[in-house]
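Read off the chains here:
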Amino acid sequence: MAELGFVIAMSVMTLFWGIIGGVVPWFIPKGPNRGVIVTMLVLTAVCCYLFWLIAILAQLNPLFGPSLSTDTIWYLNYHWP
Amino acid sequence: MCSLLRGEEMCLAQLFLQSGSAYDCINELGELGLVEFRDLNPGVNAFQRKHVNEIKKCEEMERILGKDILIFNIHMCYHHNYYCSYVHYHWVYVCVCSQEQLQRLEVELGEVTRNKEKLQRNLLELTEYTHMLRTTRNFVQRTSEVSYEEFPFLEKDTLMDYSSMQRLGAKLGFISGLIQRTKIEAFERMLWRVCKGYTILSYAEVEEYLEDPDTGEPTKSVVFLISYWGDQIGQKVKKICDCYHCHLYPYPSSNEERTDVVEGLRTRIQDLHTVLHRTDDYLKQVLMKASESVYTWVIQVKKMKAIYFILNLCSFDVTNKCLIAEVWCPVNDIPTLRRALEEGSRKSGATVPSFVNRIPTNDTPPTLIRTNKFTSGFQNIVDAYGVGNYREVNPAPFTIITFPFLFAVMFGDLGHGVIMALFALWMVLYENNRKLKNTRNEIWNTFFEGRYIILMMGLFSIYTGLIYNDCFSKSLNIFGSGWSVKAMFEAKVWKDADIRGNRVLTLDPNVTGVFRGPYPLGIDPIWNLASNRLTFLNSYKMKMSVILGVIHMSFGVILSTYNYLHFRKKHSLYLVFLPELLFLLCLFGYLVFMIFYKWLVFTAKDSRLAPSILIHFINMFLMQGDGVQPLYPGQTGLQVFLVVIAVLSVPVLLLGKPVYLYWLHNGSHRLGMYRGYERVRRNSEEELYLMRAHDMEEGSSHSDLSTSGERQTEEFDFADEFLHQAIHTIEYCLGCVSNTASYLRLWALSLAHAQLSEVLWTMVMRVGLRMDTSLGVFFLVPVFGLFAVLTVSILLVMEGLSAFLHALRLHWVEFQNKFYSGTGVKFCPFSFSLLPSSFEHDGLL
């Protein structure tokens, strides 16, 4: 179950930024600004995907858990699934 | 794109301008803003230049027009102000050629002003006459009417010009008029002394002030009536009146005559008032119309001054009939330049057309990078560090994305990002609003110029805020947290007694069901509620900073290959780029690999065995692999291999290029023609041109500091080259370490922002939300106001500026010193739109 969630998230994001960085540049019309727009798209895709990837990989195998106050624990026990 | 990546190709051109059409040709060029003129008379003093007189006249005109605009802006006035402006227009007309409008205006103004003065004098006379009649009626009313009716009236004596009547054989004459109040006593005394009682003077002061036509000042006048006996007395009295500048008016003989005259005067005065009013309106209209043209005249004068300045930079050729100008021009614009010269020649009606000729040069041209309104902001922040060398790679197209991204990493808050993006969006949507564009507030102008930068920063901050899961210091729980508290209870690790007993409990990921997988978009929302939040976040953000830093720097090193390939320095590719890249990747690339490896391989089960990456990294350098558990089999061997490669690449970087160039220069003597050309003075024109063109294209890279384009004068100096390369090697290797650490500011600033945000929430907003009495509702409003003000001023403005500055530093130093030299000169074309305006400085335009 946990694995499935991770796999889904990974593929959705990779596909999304992959389309933005790899597919959309081919559809930009020819003009004086084509080079700049393509550069912007590719760089955006790379930067944003990398940032998301670092965030999810850092949490993939946590070595310790969060320390919660007892009030919070009581509340979460009843309200979170 | 080529232009933004690298800059336009420029060439040096000579313009041959016919003397008569020089002014018009340069006018055309100024309108287009294509070329930059070079000074062909550098040794000449500013005061000895050819057109210095014309420039002085232009400055004089600017001063006068400035004064005029001041007059119009402050008060649209009458009288002498009109006249002064009229004089100025006449002056300007003389200097600014062919202004028919101005001539017509001058004539009109003159006529109207003269007419108006005449009318005003007329009005004054009539008004005085009316006053006199009214006041003298009072004199007559005082005495009885009957007595005067008895005497028969004589005819009006035309010679003496006053009415008289006969009584007892002697004529009784009347003289009436007005005199200034200051003179009335002297007048009375003189009359008494001269006429010795044969006259009777009665006078009364006029209540209202009448305007003196000569001085224009309001003065008080006195109406007088002199009655006398005898002709000779009459003549004396008349002479005295002339002496004292009295205004004399005919005295009516009877009451009916008086009332008739008064009626007539009243109508005439009314008419005159109307006419004067209309004249005033007309004058005002004429001057309003003229004032509209004042601004065009100002611009014309400015253009004239600029054109004469440029003409001063040109030189005459041998025959003295033709002006020569040297310009830097983009190669793609040469046809436009030709057309502009043809247009200028046609406008001035010259028989011989002016033409342009491209000439070879070995000077480095200035750098031109064409930008639009979006890219100009980013190009400005790159240029603030240094304008790129001619045809060097321009970091600006990459900065468009990486700069806002690094800013957002440090700023990362969803709510603040939204506010920033909305502010920038407002500025962008209203960018054509004149009021926003043309204010003189420096700070606002700075923000307005960077509106696209701020928009990008805001949008990226929204994304990083989403990933950091931080919105005004609160987290969003969109997908459901990956941590479950219930599982701890179900697994019987926690019991109810534990909750009552302890204050803080820690979830254990080893227990089944507690950790259900990473949060799909960003940081898990449970960390916002945890007390050991910073322990987790610090580790995450530090590693993120190092990863981003190493990737950014590698990108910079890779960009230098563009330069080497363009300037045809293939040897640099193998001797400089490769060792640099190997050094960086073998050491810090391996560090990044270790970070990812630890994230992927070590789970909660091995948490006690999880190695510290820093210890491993240090051990790698010290070659001590045995103390700690290896991360993976074969780790020691791989690490030794990597360290050896890195260490070997240093001498290659240090010695490779100087040795290779030395060998190239001295090794082969067969290429005598090219290599030894500095000894041969006379070469054919084509060969010299080819050599110079080749040198120009070679240009200079960031490491090749000693051998610049002008190689023909110096020999290859090994010591110099070696020294430069040594400095570069040391800088690069030490820089790798320090720059990687420098990227940790990404972590530091994002931590500071998050903490400030949290403090503001806890100390300000939560205090307001916690009040649960009915008074709390009213208390919340000022609390929210305080929260909003502090958010904008501290978190948006102060933190925003701080993150902006640090992102800028990361770009300027850590990124750009891998490939960018930035020692070029910017191309400043001669363009009328770029002329500075002294009027705008004074706030007049």
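Keep in mind that this is a model prediction, so the values were computed, not measured.

Chemist: Sorry, what's going on with the overall build of chain A here?
Modeler: Looking only at helices and strands, chain A features three helices and one strand. When the elements of chain A are put in sequence order from the N terminus, they spell out α-α-β-α. Against the 2.2 N^0.38 benchmark of 12 Å for 81 residues, chain A shows a C-alpha radius of gyration of 20 Å, more extended than a compact globule. In terms of overall dimensions, chain A has a C-alpha envelope of 60 × 25 × 25 Å along the principal axes. In chain A, which comprises 81 residues, the proportion classed as buried is 47%. A fraction of 52% describes how many contacts in chain A between residues 6 or more apart in sequence connect residues 24 or more apart.

Chemist: What is the right way to read the packing of aromatic side chains from this model?
Modeler: We describe a pair of aromatic rings using the distance from one ring centre to the other and the angle between the two ring planes. Residue and element names in this part refer to chain B. Inspection of every chain in the model, using the stated rule, returns 48 aromatic pairs over all chains. Relative to Y519, the ring of F479 has its centre 5.8 Å away and its plane inclined at 70°; by these criteria the two rings are edge-to-face. Placement of F479 in the loop between helix 16 (451–468) and helix 17 (486–490) and of Y519 in the loop between strand 13 (504–506) and helix 19 (533–566) is noted, with a sequence separation of 40 residues between them. Among the aromatic residues, those joined into a cluster by ring pairs are Y385, F398, F555, W812, F815, F819 and Y820. Taking NZ or CZ as reference, R451 lies 4.5 Å from the ring centre of F448, over its face. Seen from the ring of Y468, K541 lies directly overhead, with NZ or CZ sitting 4.5 Å from the centre.

Chemist: What is the right way to look at the interface of chain B and chain A in this model?
Modeler: In many reports, interface size means the accessible area that the parts give up when they come together. The interface of chain B with chain A comprises 68 residues on the first partner and 42 residues on the second. Between chain B and chain A, roughly 4900 Å² of surface is buried when both sides are summed, and carbon and sulfur atoms account for 74% of that area. Seen at the junction of chain B and chain A, the total is zero salt bridges. For the pair chain B and chain A, the interface holds 15 residue pairs in polar contact (both at pLDDT 80 or more).

Chemist: Looking at this model, I keep getting lost on the packing of helix 13 (residues 414–429) of chain B against helix 16 of chain B. Mind explaining?
Modeler: Residues and elements named next belong to chain B. Between helix 13 and helix 16, the shortest axis-to-axis distance is 7 Å and the interhelical angle comes to 155°. Taken together, the axes of helix 13 and helix 16 lie roughly antiparallel to each other. Crossing of helix 13 over helix 16 shows left-handed handedness. Contacts between helix 13 and helix 16 involve L414, G417, V418, M420, A421, A424, L425, M427 and V428 from the first element and R451, Y452, I454, L455, M457, G458, L459, S461, I462, G465 and L466 from the second. Along the lines of polarity and charge, the residues of the contact of helix 13 with helix 16 split into 15 nonpolar, four polar and one charged.

Chemist: Can you walk me through the confidence of the model for chain B in this structure?
Modeler: Caution applies to low-pLDDT regions: their predicted coordinates should not be interpreted in detail. All names here are of chain B. Averaged over every residue, the pLDDT of chain B is 81; the share at 70 or more is 83%. In this model, residues 74–84 is a region of pLDDT below 50 whose contacts with residues beyond four sequence positions or in other chains number nine contacts. With pLDDT under 50 throughout, residues 675–684 is counted as low confidence; its partners more than four residues away or in other chains account for eleven contacts. Interface scoring of the predicted complex returns ipTM 0.97; its pTM is 0.76.

Chemist: Just to check I follow, could you spell out the nonpolar core for this structure?
Modeler: Across soluble globular proteins, nonpolar side chains have a tendency to be buried as a group. Membership of the largest hydrophobic core comes to 131 residues, with the highest contact counts inside it found for A:F51 and B:Y540. For this core, the element with the highest residue contribution is helix 20 (residues 570–601) of chain B, accounting for 17 residues. Contacts of B:Y540, omitting those with residues within four sequence positions, involve A:F51, A:I54, A:A55, A:A58, B:I467, B:Y468 and B:I523.

Chemist: Just checking my understanding: could you explain the pattern of salt bridges for this structure?
Modeler: Proximity of charged atoms lets side chains of opposite charge pair with each other. Residues and elements named next belong to chain B. Here the structure, examined in full by the defined rule, presents 18 salt bridges over all chains. In this structure, R38 engages E326 in a salt bridge whose closest nitrogen and oxygen atoms are separated by 3.2 Å. One end of the pair, R38, is in the loop between strand 2 (36–37) and helix 3 (52–74); the other, E326, is in strand 11 (residues 322–330), and 288 residues separate them in sequence. Judged by its relative accessible area of 15%, E326 falls in the buried class.

Chemist: Can you walk me through helix 12 (residues 396–411) of chain B in this structure?
Modeler: Note: α-helices contain 3.6 residues per turn, so residues at a spacing of three or four share the same orientation. Under the 1.5 Å per step criterion, the end-to-end length of helix 12 of chain B is 22 Å for 16 residues, consistent within 8% with the ideal 22 Å. Its maximal kink placed at B:T402, helix 12 of chain B deviates by approximately 30°, while the proline B:P404 follows within four residues.

What counts and what doesn't
Residues numbered from 1 in each chain as written. Chains lettered and ligands numbered in written order. Predicted model: local features only at pLDDT ≥ 70, side-chain atom pairs only at ≥ 80, totals over all residues. Heavy atoms only, no water. Helix = DSSP H or I, 4+ residues; strand = E, 2+ residues; numbered from the N terminus. Rg over C-alpha atoms; globule rule 2.2 N^0.38 Å. Buried < 20%, exposed > 50% of the residue type's maximum accessible area, 1.4 Å probe, protein only. Contact = heavy atoms within 4.5 Å. Phe/Tyr/Trp six-rings, centres within 6.5 Å; stacked < 30°, edge-to-face > 60°. Lys NZ or Arg CZ within 6 Å of the ring centre and 35° of its normal. Buried area = accessible area lost by both parts, 1.4 Å probe. Salt bridge = Lys/Arg side-chain N within 4 Å of Asp/Glu carboxyl O. Polar contact = N/O pair within 3.5 Å; in protein donor to acceptor, adjacent residues only side chain to side chain. Axes fitted to C-alpha atoms, helices over the stretch in contact; angles between N-to-C directions. Parallel < 35°, antiparallel > 145°, perpendicular 65-115°, else oblique. Left-handed = near helix turned anticlockwise from the far one by under 90°. Nonpolar A, V, L, I, M, F, W, Y, C, P; charged D, E, K, R; others polar. pLDDT = per-residue confidence, 0-100. Core = buried A, V, L, I, M, F, W, Y, C linked by side-chain atoms within 4.5 Å. Expected span 1.5 Å × (residues − 1). Bend = angle between axes of the 7 residues up to and from the residue.

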